[in-house]
Amino acid sequence: MDLPPLRAIQCFESVARLNSFSKAAESLNVTQSAVSHQIRILEEYLGEAMFYRQGRTFSLTEVGERYFTDVSGALGLLSDSSQIIKHGKPGHIRLALYSSVAVNWLIPRLEDFYRQYPEIELTLDMVNHPSDYNEQRADCYITVNPPPHAFISKFLFSETLYPVCGQKLWEKIRDKPLPDALWRHPILSVRYADTSENTAEDWLRWCKAGGFELPSDIKINHFSHVLLAIEAARYNLGITLTNNYMMQDDAYKQNIVRIPMHEFLTGDQFYFVCKELRNNQDDIIKLSEWLESQCNDTHRANQSNR
């Protein structure tokens with residue numbers, strides 16, 4: 001590919017646009033003689049004069065005018081493409097997040113976001129474990145594992161787990177001593193890590209936080225995802241541990257009962273993550289501040305429901 005001298009093209013565009021060699025030199029932070037030298041390089045490369053020179057005045061030749069039109073359009077496209085890669089497409093944000101957070105916490109709230117910011121198009125990418133922070137996939141993330149470099153992380157909330165069950169199952173245990181009444185029904189355990197074995201680690205940690213042990217003879221059903229476990233509990237198939245953001249969904253509020261026992265912090269903290277270069281982008285700022293306000297609302301609702 002025979003590429004023209006790009007530095008010379010940049011100098012030519014500046015001179016033609018500003019109609020001044022001195023102003024072009026100032027805008028490019030070079031000397032005027034350097035600009036003149038680059039123009040000569042371009043003219044020699046093209047074999048055509050770009051300017052009519054009459055003493056200290058000059059004007060574009062016919063070829064120069066056509067070339068300026070093409071060059072300015074091409075440089076404009078190049079600038080736009082570079083800005084989209086660097087800062088994202090204005091009015092369009094791609095957000096990658098855990099599927100459970102998306103389905104049960106974010107999506108029920110999106111009507112409010114679109115009402116406040118109708119100019120922003122938000123695209124969701126639901127993933128199990130956001131770890132590939134590639135801008136080809138998303139512009140920002142909600143994750144518990146923020147990358148250490150070149151990204152800005154803003155805290156959203158800490159995860160807590162507590163026991164819940166369906167309405168029919170609750171009727172069977174509501175007047176019985178806890179936690180003994182729980183062990184008479186299937187326990188629904190979520191495997192939060194791909195490498196973890198079926199050890200009901202979530203229930204073991206919850207029991208330890210309450211100061212008692214998980215019986216060894218109870219029936220435990222294992223699930224790969226919290227969405228599956230909460231749906232099973234909704235249909236009275238057992239008792240599971242869930243978190244605050246899952247219980248914000250109206251369907252769960254009507255069909256799921258929070259068992260009046262302790263909760264425990266899992267140690268997972270959720271963050272809104274974006275590249276440092278995009279931290280000052282207006283659309284990103286709006287989304288970040290809105291997410292923080294929604295998390296604060298969730299926290300206040302959880303406090304009032306305890």
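Source: prediction; values computed, not measured.

Thresholds applied
- Residues numbered from 1 in each chain as written.
- Predicted model: local features only at pLDDT ≥ 70, side-chain atom pairs only at ≥ 80, totals over all residues.
- Heavy atoms only, no water.
- Salt bridge = Lys/Arg side-chain N within 4 Å of Asp/Glu carboxyl O.
- Helix = DSSP H or I, 4+ residues; strand = E, 2+ residues; numbered from the N terminus.
- Buried < 20%, exposed > 50% of the residue type's maximum accessible area, 1.4 Å probe, protein only.
- Phe/Tyr/Trp six-rings, centres within 6.5 Å; stacked < 30°, edge-to-face > 60°.
- Lys NZ or Arg CZ within 6 Å of the ring centre and 35° of its normal.
- Arc of directions from axis to C-beta.
- Contact = heavy atoms within 4.5 Å.
- Pairing = 2+ DSSP bridges.
- Core = buried A, V, L, I, M, F, W, Y, C linked by side-chain atoms within 4.5 Å.
- Polar contact = N/O pair within 3.5 Å; in protein donor to acceptor, adjacent residues only side chain to side chain.

Visitor: Looking at this structure, I do not really get the pattern of salt bridges. What am I missing?
Guide: Think of it this way: side chains of opposite charge can pair up when their charged atoms draw near. Per the counting criterion, the structure on display carries ten salt bridges. With its nearest N and O atoms 2.8 Å apart, the salt bridge here joins D139 to R94. In this pair, D139 is assigned in the loop between β4 (121-127) and β5 (140-143) and R94 in strand β3 (residues 92-98), connecting sequence segments 45 residues apart. On the basis of relative accessible area, R94 is assigned to the partly exposed category, the value being 21%. Among the salt bridges present, the one from K286 reaches E119, with a minimum N-O distance of 2.9 Å. In this pair, K286 sits in helix α11 (residues 282-305) while E119 sits in the loop between α6 (110-116) and β4, placing the two residues 167 residues apart along the sequence. Of the residues examined, E119 reaches a relative accessible area of 42% and is grouped as partly exposed.

Visitor: Got a minute to help me understand the packing of aromatic side chains in this structure?
Guide: Pairs of aromatic rings are described using the distance from one ring centre to the other and the angle between the two planes. Inspection of every chain in the model, using the stated rule, returns 15 aromatic pairs. Here the aromatic rings of W183 and W203 are separated by 6.1 Å at their centres, their planes lie at 75°, and the arrangement is edge-to-face. Remark: W203 occurs in helix α8 (residues 201-210) and W183 occurs in the loop between α7 (167-173) and β7 (187-190); sequence separation between them is 20 residues. A centroid spacing of 5.3 Å and a plane angle of 80° characterise the contact between W203 and W206, whose relative ring orientation is edge-to-face. Residue W203 and its partner W206 are located together in helix α8, separated by three residues, close to a single helical turn. Under the relative-accessibility criterion, W203 is labelled buried at 0%. The structure contains a cluster of three or more aromatic residues connected by ring pairs, namely F12, F21, F51, F58 and Y67. The ring of Y162 is capped by R258, whose NZ or CZ atom sits 3.6 Å from the centre of that ring.

Visitor: Explanation requested: helix α2 (residues 21-28) in the structure shown.
Guide: Since one α-helical turn is 3.6 residues long, residues separated by three or four positions face the same way. Of all the residues in α2, the buried ones are F21, A24, A25 and L28. Within α2, the buried residues cover an arc of 100° as seen down the axis, which keeps them to one side. Considering only its buried residues, α2 is in contact with α1 (6-18), α3 (32-46), β1 (51-54) and β2 (57-60). Where α2 ends, the next residue or the one after it, N29, has phi of about 60°, a positive value.

Visitor: Would you mind showing me how to read the pairing of β5 here?
Guide: Look at any regular strand and the pattern is simple: side chains alternate between the two faces of the sheet. Because side chains alternate across β5, one face comprises the buried residues C140 and I142, and the other comprises Y141 and T143, equally buried. Two elements, β3 and β5, share three bridges in a ladder whose sense is parallel. Each bridged residue has a counterpart across the sheet, and for L95 the counterpart in β5 is C140. Across four bridges, β5 lies against strand β11 (residues 264-275) in antiparallel orientation. Opposite C140, over in β11, you have C274 as the bridge partner.

Visitor: Mind showing me how you'd approach the nonpolar core here?
Guide: The tendency in soluble globular proteins is for nonpolar side chains to be buried side by side. Formed by 41 residues in total, the largest nonpolar core has its most connected members in F272, L287 and L291. Examining the composition of this core, we find that six residues originate from one element, helix α9 (residues 226-234), more than from any other. In contact with L287, other than residues within four places in its own chain, are I93, F113, L122, C140 and F272. Of all hydrophobic cores here, the second largest spans 21 residues; its members include L182, L241, I259 and M261.

Visitor: Can you walk me through the environment of E289 in this structure?
Guide: As for its placement among the helices and strands, E289 is situated in helix α11. According to the relative accessible area criterion, E289 is partly exposed, its value standing at 48%. For the pair E289 and F272, spaced 17 residues apart in the sequence, the C-alpha separation amounts to 10.0 Å.

Visitor: What exactly am I supposed to notice about the environment of A138 here?
Guide: Among the structural elements, A138 can be located in the loop between β4 and β5. Using a relative accessible area of 1% as the deciding quantity, one classes A138 as buried. With 41 residues separating them along the chain, A138 and L97 place their C-alpha atoms 9.6 Å apart. Among all residues touching A138, those that are not within four sequence positions of it are R94 and A96.

Visitor: What exactly am I supposed to notice about the side chain of R109 here?
Guide: Tracing the backbone through its elements, the reader meets R109 in the loop between α5 (99-106) and α6. For R109, the side chain forms a polar contact with the main-chain oxygen of W105, separated by 3.0 Å.

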